[in-house]
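Analysis of the macromolecular model
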Amino acid sequence: MTIIADSLQAIQANIHAALTAAGRKDNVQLLAVSKAQSADKLRNAYLAGQRAFGENYVQEAINKQQQLSDLNIEWHFIGPIQSNKTQLIAQHFDWVHSVDRLKIAERLSNARSPSLPPLNVCIQINSSEEATKSGASLAETIALANAINTMPNLILRGLMAIPAPANDYATQCAQFKIVHTAFKNLQQQGFAIDTLSIGMSEDYVAAIHEGATIVRIGSALFGARSIPA
Ligand SMILES: *Cc1c(COP(=O)(O)O)cnc(C)c1O
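Numbering of residues starts from 1 in each chain and follows the order in which that chain's sequence is written. Local features are withheld for residues below a pLDDT of 70 in this predicted model, meaning they are given only at 70 or higher, and side-chain atom pairs are given and counted only at 80 or more; totals for whole chains, interfaces and linings count all residues. For side-chain calculations, the full set of non-hydrogen atoms in the structure is used, while hydrogens and water are omitted.

**Quick notes on the packing of aromatic side chains**
- When the centres of two rings from Phe, Tyr and Trp lie within 6.5 Å, Trp using its six-membered ring, the rings pair. Their planes under 30 degrees apart give stacked, over 60 give edge-to-face, and anything left gives tilted. For the structure shown, the criterion picks out two aromatic pairs.
- Plain terms: the ring middles of Phe-77 and Phe-93 are 5.3 Å apart, the flat faces sit at 80° to each other, and that makes the pair edge-to-face. Separated by 16 residues along the polypeptide, Phe-77 in strand 3 (residues 74-77) and Phe-93 in the loop between helix 4 (86-92) and strand 4 (95-99) bring together distant segments of the chain.
- For Phe-77, a relative accessible area of 1% gives the class buried.
- Cation placement over rings: the criterion is NZ of Lys or CZ of Arg within 6 Å of the ring centroid and within 35° of the ring normal. In this structure, Arg-51 packs its charged tip against the face of Tyr-46, placed 3.7 Å from the ring centre. Here a helix means four or more residues in a row that DSSP labels H or I, a strand means two or more in a row labelled E, and each is numbered from the N terminus. Think of it in three bands: residues with accessible area under 20% of the maximum for their type are buried, residues over 50% are exposed, and the middle band is partly exposed, with areas taken using a 1.4 Å probe on protein chains only.

**Overview of the pairing of strand 8 (residues 214-217)**
- In strand 8, alternate side chains face the same way, and those of Ile-214 and Arg-216 on one face and Val-215 and Ile-217 on the other are all buried.
- As paired strands, strand 1 (residues 29-33) and strand 8 are joined by four bridges and run parallel to one another. Directly across from Ala-32, in strand 8, lies its bridge partner Ile-217. Strands are treated as partners if at least two bridges between them are detected by DSSP.

**Focus on the layout of surface pockets**
- We place a 1 Å grid over just the protein atoms. Points where a 1.4 Å probe fits but has no way out form a cavity, open points with protein on both sides within 12 Å along at least 5 of 7 lines form a pocket, and any residue with an atom within 4 Å of a point lines it. Grid points are joined across faces, edges and corners, and a volume is the space filled by probe spheres set on the points. As a volume, the largest pocket reaches approximately 450 Å³.
- Lining the largest pocket are 25 residues, and of these Lys-35, Ile-162, Met-200, Arg-216 and Arg-225 sit closest to its centre.

**Observations regarding the site of the ligand**
- Around the ligand sit Val-33, Lys-35, Asn-56, Ile-78, Ile-162, Met-200, Ser-201, Arg-216, Ile-217, Gly-218, Ser-219 and Arg-225, and those are all the residues in its vicinity.
- As used in this structure description, the phrase polar contact means that two N or O atoms lie within 3.5 Å; if the pair is within protein, one of them must be able to donate a hydrogen and the other to accept it, and residues adjacent in sequence are counted only when both atoms belong to side chains. Measuring from an oxygen atom of the ligand, one finds a backbone N or O atom of Gly-218 at 2.8 Å.
- At 2.8 Å from an oxygen atom of the ligand is found a main-chain nitrogen or oxygen belonging to Ser-219.
- Notes on the ligand: free accessible area 390 Å², of which the protein chains cover 89%.
- Under the convention adopted here, Pro, Cys and the residues Ala, Val, Leu, Ile, Met, Phe, Trp and Tyr are nonpolar, Asp, Glu, Lys and Arg are charged, and Gly plus all remaining residues are polar. Classifying every residue of the shell around the ligand by side-chain character gives five nonpolar, four polar and three charged. Here, proximity means that at least one heavy atom of the residue falls within 4 Å of the molecule or strand. All accessible areas in this document rest on Shrake-Rupley with a 1.4 Å probe, and a residue is counted as covered only by the protein chains that are shown.

Structure below.
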């Protein structure tokens, strides 16, 4: 309990220091990435004040949601999406960060109950254009954003990216800058987006320097992952 509470406090302090260093007056939301962490750890983080949790595997997430149904958690899906999982994702999450193609967006919108608030979605972009990584190309992103804006049960909130891991701060910043530029381009084209989901345990300070509004942090908060993925 105390360990997670201490980590949470230390990360929040780092986030505030990074905002100040970047001359930013706005805020960054900490998304606690809880994949492969036990429901007890999520509960401890919740008791320490954390409300938004990110999960990568649908069934693992639903199991935890059942164990934590007494808590008012905001659930974010951040993992790769197989089309046969869209129904469950649309029913069990408030946010999806990893929408990377039209078919997935259509299926999520069709599966989202109109009686629920629209599903908040980010387009995952492949900013480094690596053939092996998931994410829409920069070129595909505008068409996908336009399509999502026509879907009744989705609301486009912004972009998400996972750049290739880099050890040095300058490289981290350079990679995030590409994503921030794509984000600002969409805004300039009239898309009403407010969310830039970039930065993980090893690079969130650089991401905040480059305009992150959500950082997704797992191991720095919870320690090494334990449930086999
Ligand atoms: C696992 C994961 C994270 C968190 O990674 P850490 O390095 O543990 O902070 C963030 N984003 C996504 C998409 C992930 O899969």
